[in-house]
Amino acid sequence: VKNVNLSDSEQLSIRGVDDHGAILVLANHTLLVEGQVIRSPTNSLSVYYRSAPEGSMGLFQLHYQSESPHHIDAQT
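Quick caveat: nothing in here was measured; it's all calculated off a predicted structure.

**Q** Before we move on, can you summarise the pairing of strand β2 (residues 11-17) with the specific residues and values?
**A** With five bridges connecting them, β2 and strand β4 (residues 46-50) associate as antiparallel partners. Across the sheet, arginine 15 pairs through a bridge with serine 46, a residue of β4. Pairing between β2 and strand β3 (residues 23-28): five bridges, direction antiparallel. Within β3, the residue paired with serine 13 across the bridge is asparagine 28. Counted between consecutive antiparallel strands, the loop separating β2 from β3 contains five residues, among which glycine 21 sits at a positive phi close to 90°.

Parameters at a glance
Residues numbered from 1 in each chain as written. Predicted model: local features only at pLDDT ≥ 70, side-chain atom pairs only at ≥ 80, totals over all residues. Heavy atoms only, no water. Pairing = 2+ DSSP bridges. Helix = DSSP H or I, 4+ residues; strand = E, 2+ residues; numbered from the N terminus.

Below is the structure:
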């Protein structure tokens, strides 16, 4: 998580799936803080965002990095 600045009426959640395909809520707007690392058991995620009814716009910034179980070292 790089930055989160949302109003009380905005909603944000980071979701993943488990090994059986069930949706997991990995983090939501009440728990997100700058610098937080969110891990998904399957290296996949989705972002759910709902804006405030009055039209104010919040801000959130995420950085996604996949952790591959296989390390490939390519040399030329």
